[in-house]
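Fold and geometry: a report
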Amino acid sequence: MIARAGRRRLGFFTRLLDEAGPAERYRLATEQIVRAEEVGFDSAWVAQHHFRAEEGGLPAPFVFLAQVAGRTSRIRLGTGIVTLPLENPVRVAEDASVLDLLSGGRLELGVGSGGTPSSFVAFGLDSAQRGSVFDRHLATVRDALAGKRLGSEDTLYPPAPQLVDRMWQATFSVGGGIRAGKAGDGLMLSRTQPRTREAPHASLADLQHPIIDAYLAALPPDREPRILGSRTLFVADNRDEALAFADIGLRRIVDHFVSAGHIVSGRSLEELIATFDVHIGTPDDVIASLRSDSTLERVTDLVFQVHSVDPPHPYTLRSLELIAKEVAPALGWERQNVGRTSRISLAHR
């Protein structure tokens, strides 16, 4: 069961799903990340999605994070994830390299093979081939970052060998855990996973412990484990108010999740909260429910998101404050007291 060692890091994750147009979504997400930094969070992660605003609001994570870098100074900035089969891998390496420079070395590069199957069609690709394409593109990104030649005499500019040690892979499977471990990458675990019809009431820990075990077994002995556990968490001052938002948010997405393969045993709010692995309520409520998730005892990076409760923006900001002040410390997180770090200036000196 052992995995975590050293200081646990606290992260905030967003799919940029506030009820607003795209420009306002980007403004609100930026404000949320700025607040996360102010209250002590160690990292902020953004998801990449194409075409469907209800699934995610950001097709260009490097562009977005570049402007966030200009508004922050300390918080690490992560992609969670770049859908690698839909990208030119050399361009991913180039964008990651530039962003890491602009942010003062704060980028965490998370990649995955996922994405809505129909999105692949628009890119002229077959989603059935995503696994093999992902493997090829991942190898190219890694080679580019490591400074290897890319087809001829060309190598990546700006060079970014430092990012090789900051790559992460997202997966739902034991095989994916083995792949991430062998590469020495970080492992990214989802906030929820579909259950099988044979085990519809399996806990998230039942599904994710085997992935962690496989990752650790494959990890080279000279590599420290990096395990990110993402969880849906909405903390409020009033439990009834939190549940009211959950009732709206979870009912809004239940049909989509069913179509994606989730087994929903019932439609009461209590059943939906259990089905989608949601932690919700006052600080005392969520501390108790999070402590019951044994997976989290093993993660190095504890990352929270409000999806799919998706409360209004002011409540998300308040949730961030309560997490940093009350919830995360109860789970073993300690705020790192650091001064403001300087950002790289592109002005001529």
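These numbers were taken from a predicted model, which means no experiment stands behind them.

Observations concerning the pairing of strand 2 (residues 43-46)
Burial along strand 2 is two-sided: the face carrying Ser43 and Trp45 and the face carrying Ala44 and Val46 are both buried. With four bridges joining them, strand 1 (residues 9-14) and strand 2 adopt parallel strand pairing. Opposite Thr14, over in strand 2, you have Val46 as the bridge partner. Crossover strand 1 to strand 2 through helix 1 (residues 22-39) is right-handed.

A look at helix 2 (residues 61-71)
Here helix 2 has its buried residues at Pro61, Phe62, Phe64, Leu65, Val68 and Ala69. An end-on view of helix 2 places all buried positions within 155° of arc, on one side of the element. Those residues of helix 2 that are buried are in contact with helix 1, strand 2, strand 3 (76-83), helix 3 (89-102) and strand 4 (107-112).

Examining the confidence of the model for the protein
Do not read the predicted coordinates in detail wherever pLDDT is low. Of all residues in the protein, 95% have pLDDT values of 70 or greater, and the mean over the chain is 93. Low pLDDT, under 50, characterises residues 340-349; the predicted model gives this stretch 13 contacts beyond four residues in sequence or across chains.

Observations concerning the environment of Ile211
Mapped onto the elements of the fold, Ile211 is located in helix 7 (residues 204-218). Along the backbone, Ile211 and Phe172 are 39 residues apart, and their C-alpha atoms lie at a distance of 7.8 Å. Once residues within four sequence positions are removed from consideration, Ile211 is found in contact with Thr171, Phe172, Ser173, Val174, Gly177, Leu187, Leu189 and Gln193.

As for empty space enclosed by the protein
Scanning the model with the defined rule gives one cavity of 30 Å³ or more in all. Here the largest cavity is characterised by a volume of approximately 40 Å³. Lining of the largest cavity is provided by Phe12, Leu233, Phe304, Gln305, Val306, Thr316, Ser319, Leu320 and Ile323. Contributions of two or more residues to the lining of the largest cavity are made by strand 9 (301-305) and helix 11 (313-330). Looking at which element gives the most residues to the lining of the largest cavity, the answer is helix 11, with four residues. Class assignment for the residues of the lining of the largest cavity results in six nonpolar, three polar and no charged.

Here we look at a nonpolar patch on the surface
The grouping of Phe51, Phe123 and Leu125 at the surface amounts to a nonpolar patch, some 290 Å² of accessible area in total. Mapping Leu125 onto the fold places it in the loop between helix 4 (117-122) and helix 5 (130-145).

Side note on helix 7
Counted at 1.5 Å a residue, the expected span for helix 7 with its 15 residues is 21 Å, and the 22 Å between its end C-alpha atoms agrees. Residues of helix 7 that are buried include every one of Leu204, Ala205, Gln208, His209, Ile211, Ile212, Ala214, Tyr215 and Ala218, and no others. Those residues of helix 7 hidden inside the fold are in contact with helix 6 (174-183), strand 6 (186-189) and strand 7 (227-235).

Thresholds, definitions, all that
Residues numbered from 1 in each chain as written. Predicted model: local features only at pLDDT ≥ 70, side-chain atom pairs only at ≥ 80, totals over all residues. Heavy atoms only, no water. Buried < 20%, exposed > 50% of the residue type's maximum accessible area, 1.4 Å probe, protein only. Helix = DSSP H or I, 4+ residues; strand = E, 2+ residues; numbered from the N terminus. Pairing = 2+ DSSP bridges. Right-handed = clockwise from strand over helix to strand, strands pointing away. Arc of directions from axis to C-beta. Contact = heavy atoms within 4.5 Å. pLDDT = per-residue confidence, 0-100. 1 Å grid on protein atoms, 1.4 Å probe; cavity = no way out; pocket = protein on both sides within 12 Å on 5 of 7 lines; lining within 4 Å. Points joined across faces, edges and corners; volume = space filled by probe spheres on them. Nonpolar A, V, L, I, M, F, W, Y, C, P; charged D, E, K, R; others polar. Patch = residues over 30% accessible without salt bridge, like charges linked within 9 Å, V, L, I, M, F, W, Y side chains within 5 Å. Areas by Shrake-Rupley, 256 points an atom, 1.4 Å probe, with all protein chains shown as cover. Salt bridge = Lys/Arg side-chain N within 4 Å of Asp/Glu carboxyl O. Expected span 1.5 Å × (residues − 1).

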